[in-house]
Amino acid sequence: AQSVAQPEDQVNVAEGNPLTVKCTYSVSGNPYLFWYVQYPNRGLQFLLKYITGDNLVKGSYGFEAEFNKSQTSFHLKKPSALVSDSALYFCAVRFLRGFQKLVFGTGTRLLVSP
Amino acid sequence: GAVVSQHPSRVICKSGTSVKIECRSLDFQATTMFWYRQFPKQSLMLMATSNEGSKATYEQGVEKDKFLINHASLTLSTLTVTSAHPEDSSFYICSASAPRGANTGELFFGEGSRLTVL
């Protein structure tokens, strides 16, 4: 079964420091992996995706993610965090049985302190 | 492009009444839309897949008669919570796959609708 795990409920980082939000996956075959961000009482916004190609994927707002097949990970990173990055981040994997259906991780709350 | 709009953003209703939530794709046609439910401090739970012109496909454990989904056109899907009860209070989010994301599963989400049942 396709699944993703986000081991951290919350990540705290000071503004200007690098941030990492972790995600590991379990899929059959080649994974289609995604990161979304959610601000309070809002829908989800797409950040980036990995389908194939370079393991380092660059996305919106300066975020990037590294696909690591040997570690089955797809961690989200940003070199320098902003207070405005504080939000809820979801990792997701495409569910093969449903062509476009996504399965989401449990989410990680990122808090960036000034 | 690829904007998905949900209405209403917030709704409060009395127990026993029905509530309809609309999801519209504003600048593209969406043959498939998805309805998610999000509990406080929890992830998104897929409720159903809405296919234009056909019956929705519900996930296991989701009551079909409770959560009625209609996808009558390529730009509109509706979720009706029938005979709502306080335990139905939640944040409901719709999403759609735009043509440019059709091959890779990228979804575009509405802003969500917060339902409170008194």
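The present account deals with the structure reproduced in this document. Note that the coordinates shown come from a computational prediction; the quantities given were computed from them, not determined experimentally.

As for the pattern of salt bridges
Residues and elements named next belong to chain A.
- Within this structure, the stated rule accounts for six salt bridges over all chains.
- Two residues, lysine 77 and glutamate 66, come together in a salt bridge whose shortest N-O distance is 3.6 Å. Placement of the pair is lysine 77 in strand β9 (residues 73-78) and glutamate 66 in strand β8 (residues 64-68), with a sequence separation of eleven residues.
- Relative accessible area serves as the criterion here: at 29%, lysine 77 is assigned to the partly exposed category.
- The exposure class of glutamate 66 is partly exposed, given its relative accessible area of 37%.
- Of the charged contacts in the structure, one is a salt bridge between lysine 78 and aspartate 85, with a shortest N-O distance of 2.8 Å.
- Exposure remark for lysine 78: the relative accessible area of 9% places this residue in the buried category.

Some words on the interface of chain B and chain A
- Listed as interface residues are 25 residues of chain B and, on the opposing side, 21 residues of chain A.
- One salt bridge in this structure joins glutamate 111 of chain B and arginine 42 of chain A, with 2.2 Å as the shortest N-O distance.
- At the boundary of chain B and chain A, one finds seven residue pairs in polar contact (both at pLDDT 80 or more).
- Of all the elements in the fold, those that place two or more residues in the side of chain B that touches chain A are β4 (32-38), β5 (44-51) and β9 (90-96) of chain B.
- Counting residues per element, the side of chain B that touches chain A draws most heavily on β4 of chain B, at four residues.
- Taken together, the residues of the side of chain B that touches chain A break down into nine nonpolar, eleven polar and five charged.

Some words on the sheet that holds strand β1 (residues 4-7) of chain B
All names here are of chain B.
- Pairing in this open sheet of four strands is antiparallel, and the strands run β1-β3-β8-β7 from one edge to the other. Every interior strand has two partners, whereas the edge strands, β1 and β7 (67-73), have only one. Strand-to-strand twist in this sheet, taken as the mean axis angle between neighbours without regard to direction, amounts to 15°.

Digging into the environment of leucine 48 of chain A
Residue and element names in this part refer to chain A.
- If you trace the backbone, leucine 48 turns up in strand β6 (residues 44-50).
- Judged by relative accessible area, leucine 48 falls into the buried class, the value being 1%.
- Separated by 17 residues in sequence, leucine 48 and proline 31 place their C-alpha atoms 14 Å apart.

Conventions and cut-offs
- Residues numbered from 1 in each chain as written.
- Chains lettered and ligands numbered in written order.
- Predicted model: local features only at pLDDT ≥ 70, side-chain atom pairs only at ≥ 80, totals over all residues.
- Heavy atoms only, no water.
- Salt bridge = Lys/Arg side-chain N within 4 Å of Asp/Glu carboxyl O.
- Helix = DSSP H or I, 4+ residues; strand = E, 2+ residues; numbered from the N terminus.
- Buried < 20%, exposed > 50% of the residue type's maximum accessible area, 1.4 Å probe, protein only.
- Contact = heavy atoms within 4.5 Å.
- Polar contact = N/O pair within 3.5 Å; in protein donor to acceptor, adjacent residues only side chain to side chain.
- Nonpolar A, V, L, I, M, F, W, Y, C, P; charged D, E, K, R; others polar.
- Pairing = 2+ DSSP bridges.
- Axes fitted to C-alpha atoms, helices over the stretch in contact; angles between N-to-C directions.

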